[in-house]
Structure formats: C-alpha cells, structure tokens
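Tertiary structure, described
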Amino acid sequence: MTVRARELIARADVILYDRLIPDGALDGARADALLVDVGKVGGGEQVPQEATNDLLLEHGRAGREVVRLKGGDPFVFGRGGEEAQLLRGAGIAVEVVPGVTAGVAAPAYAGIPVTQRGMAAAVAFVTGHEDPGKDETQVDWPALAAFPGTLVFYMGVRKLDRIAAQLVAGGRPPSEPVAVIQRGTFADQRTVSGTLADIALRAREAGVRAPAITVVGPVAALHDELAWFASGPLAGRSIAVTRARAQASALAGRLRALGARVVEAPAIRIEPLDARLPDLAGFDLLCVTSPNGARRLLELAHDARALAGPAIAAIGPGTAEALRAGGIEPDIVPPRAIAESLVEELAERPLTRVLIARAEQARDVLPDALRERGIDVEILALYRTVPEPLDGAAREAALGADYVTFTSASAVRFFVEAAGRPAAGQRIVSIGPVTSTALREHGLEPGVEAVEHTPDGLLAALVADARRDSGAAG
C-alpha cells in the first residue's frame, strides 16, 4: 500500500472495505473507526452495490471522512469510477489513490510477466463478467482474438468455455498457452496451466473458483520457469483467528506468510476503561498480567518514569515485550505465562503492598494467593473484554476452517456465544492452559496446545501439528 493510502486509513472515521484488500491493510485504522465489509464472496454480492452507494452517501453527507478500500486498483474493473461519479454528483469531495491491479499483480506472483520482449509487446485487460442486464456484449471478440499481445481476463472463471471458444473462433490457435491464477498474491494462491483447447476442463477438474485471473498468450507458458512464490508449511490449511481485531491482523499476517488461508473471526473487542494511575510510591510490586494491560498502563503513564518505584512483574513474554516497547524492563518474568507461575516466583519475596494491573474481569489466582500471605493488594482495572458480533459469512467461514485458534478464555466464551461450537472435524488450537481450561468448560477439547504460551508458541504448535498430519497422510 502507498504511504498516502495508509495516511487516509489512519485518520478515517469510516472504512468500507472489500475482502481482497492487502494483508494488514486495516492495522492502522483508529480504534473507534467504523469498519464495514462490503465485499464479494465467491463471485456473489455480500452487500449489493446500491447498499454500498447508500453508505457512501450517508457518511459523506454527515461530514465523516470515509475510505472506500478496494483490492487492486479502484478504476480497473473496481466500480470506483461509478462511486466517484455518485459522490461528485452529490457535492462530496473525492480523492483517488491508485493501486496495483490484479491483472498485473496476480500474474507476477505466478511468475508470468504480462509483457515480455519478443513474446508480447502489448497487454489488454478484459472483463469476463459483463453486466447481465445488458442486451449486447461490449467485447468485440474477433478484434480481441486478433489483438497482438497478452489477454488478461478478470472475473471470467465461470465462462472459460465461452472465452476459449470465442478466441479460437476468432483465429487464436487452440494450442495457445493459458494460465488461471486463483487468489493471486495470497498465501493460498494456485495456478492451473493449459491451452485454449483444454483450460476450461483443467480448471473444472482442479476446482478453480473466483476470485481468479486468466492470462492468455505465450507469456502464460513462463509460469513453470519463473514461478517464485513458494508455499509454506501451512499451505492448504484454513485457520480461523478469533482474537481481538487489533491483535488479529498481526497473527493473521504471520499465518499467511506460512502459507495458511486465514479466516479473521474476531469474537472479542478490547474496550479501555477510564482508569487513573495511583501514586506508586507506597507499592512494593506492580504486577502486569497481559499485553493489553501493559499497553493500557503505558497509555495512562504517558512517560515510563511515572512507573518508577516498585518492582515490576510481567506474566508472560508477550506482556514483557509490550512493557519493553514502552521503555520498561520488567524485574520479574515467571517461566510460565500463567498467574500460578508468578505466585510461585513471588513465594519467598517479602512484600507489603502490591498493585495488580489487569482486565476488569480476570482470574483471582494472583490476588487471592497474595492476600493469603497478608499482603495488601489493590486492583487497577485497565480494560474490559466485550463480545464482537460476527456476521453470517464470518461464522460460516470460521466453522468451516481446518483449525480454530483461541488465545484467551474470553475469546472462547464469546466465540461459542456468537458462532456456536466448532465442528467435530475442526482442530482446536489453544495458546495455553488457562485457555484450554475455558475450552473444556464449554465441552471442547483442544487438539493442539502451545508449549510457549505466546503467539510465537501458537504458531510453532500449529506448524508442528500440520507437519505431523502431512506425514500421517503420506
């Protein structure tokens, strides 16, 4: 994404986005921004274009800053021109940030240059899915067949038979190379190669579905020679991520880098509380129990020096890293990322007064254990975890994934409430024993539990399980 696009996303009040936007595109959005999925799924409208238009007009007329975020380029088969006309007609200012169109990006990721010296001096972009309401086609098939260069078809995977037949009838040789790239640039990208004579059959046999780009011409044969986008150890696996959206994108990006197809189904949202940092002079120890708590604590402190005085304990390496990012080096990090481990670590430490910075609702293992020793314990509630609604498409996709990942007990509870229990054939992945306990309380047995109770540990456990499964299948 361009610098300008990221600037607009960071300040937007409303973001209307498509499902084929780049990985991590929403990471820079404001926490209070309204995010609305208005994309397409499998070639069918999830939200009708008319409804998208209404949303653009509603929020634009209200004076809100709106980003219409599309995959590829908004003016290349993206209906961006229609939306811009609508807004300008209503007197609403419009800015356009160009992108890289799928007709160039997907072939490039498949090792196919759409132009190549000595092979193709020109390229034509063609829609394979015209407006069904029109009586006549706008495509001049004889002229297109005679075009001296590469042909790139968008949205034509369901009409490959007709496309190939029209091109051959117009004079293109049946032996001309063709490549169909499904989900180009994504981790689960795949390419099916053939010729005009057999590409439709090959695509059907391979189960190719939208979104896909079709490349016709001699350059399509370069796929075998120049393919460079390697699949990772999670290739072919679909993985649902249920953690809060603010953290989900980072985990999702790392999963995609390992080859997984990621379903983002955030079941929870982190809601900051209006808290006030007390005078720390009278505390022996400040305990921070989670990365979210660490980040919120640093926001309240404004300056790392405001936390000077007590020793600082962090439960888990993720919490420790979040503190270090704010310039705080924790004095105590227990070997296991659970409260019980910190209780053991503090057993011989003389303490009089302890402040525990945590979520509004949390396990009382740590405060109860300290109070049993006669220690004065104060709780500083920094945030609460609330449910995030899941739409029907997200629920269906999550319950159809190979793996469902859980990184907190609250994610378990709210996911089950929003989506129901994972299906019998799904592998349930837990970040650690506290989350596993919550799963069992809901009658769910984790198939995979991370040894190290961090996102890194969860990724390692997933990869190990996928490799064992691949080995067993082989």
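Provided above is the structure to which this section pertains.
Residues numbered from 1 in each chain as written. Predicted model: local features only at pLDDT ≥ 70, side-chain atom pairs only at ≥ 80, totals over all residues. Heavy atoms only, no water.

Points about the sheet that holds strand β13 (residues 268-272)
By way of backbone hydrogen bonds, the strands of a sheet pair with one another, either parallel or antiparallel. Across the sheet, 5 strands lie side by side as β13-β17-β16-β14-β15; this open sheet has mixed pairing. The open sheet is flanked by β13 and β15 (311-314), the only strands paired with a single partner. Ignoring which end each strand starts from, the neighbouring axes of this sheet average 20° apart. Inspection of the sheet shows strand β14 (residues 285-288) paired to strand β16 (residues 353-359) by 4 bridges, in the parallel sense. Within β16, the position partnered with L285 by the bridge is V354. Along the sheet, helix α15 (residues 409-419) contacts β13 and β17 (376-387); its crossing angle with β17, the most-contacted strand, is approximately 35°. (Pairing = 2+ DSSP bridges. Helix = DSSP H or I, 4+ residues; strand = E, 2+ residues; numbered from the N terminus. Axes fitted to C-alpha atoms, helices over the stretch in contact; angles between N-to-C directions. Contact = heavy atoms within 4.5 Å.)

Digging into the packing of aromatic side chains
Per the counting criterion, the structure on display carries 7 aromatic pairs. Ring geometry for W141 versus F153: centroids 6.1 Å apart, planes at 10°, classification stacked. Here the residue W141 occupies a position in helix α5 (residues 141-145), and F153 occupies one in strand β7 (residues 150-154), the gap between them amounting to 12 residues. Look at W141 and you get buried, because its relative accessible area is 8%. (Phe/Tyr/Trp six-rings, centres within 6.5 Å; stacked < 30°, edge-to-face > 60°. Buried < 20%, exposed > 50% of the residue type's maximum accessible area, 1.4 Å probe, protein only.)

Quick word on unusual backbone geometry
Between A210 and the following residue, P211, the backbone shows a cis peptide bond with an omega angle of 0°. Within the element layout of this structure, P211 appears in the loop between α7 (199-206) and β10 (212-216). Even without a glycine there, the phi angle at F77 is positive, about 50°. Here F77 lies in the loop between β5 (66-69) and α3 (80-89).

Considerations on the side chain of T214
On the secondary structure map, T214 appears in strand β10. Its relative accessible area of 3% is what places T214 among the buried residues. The residues touching T214, leaving out its near neighbours within four places in the chain, are L151, V152, F153, L160, V178, A179 and V180.

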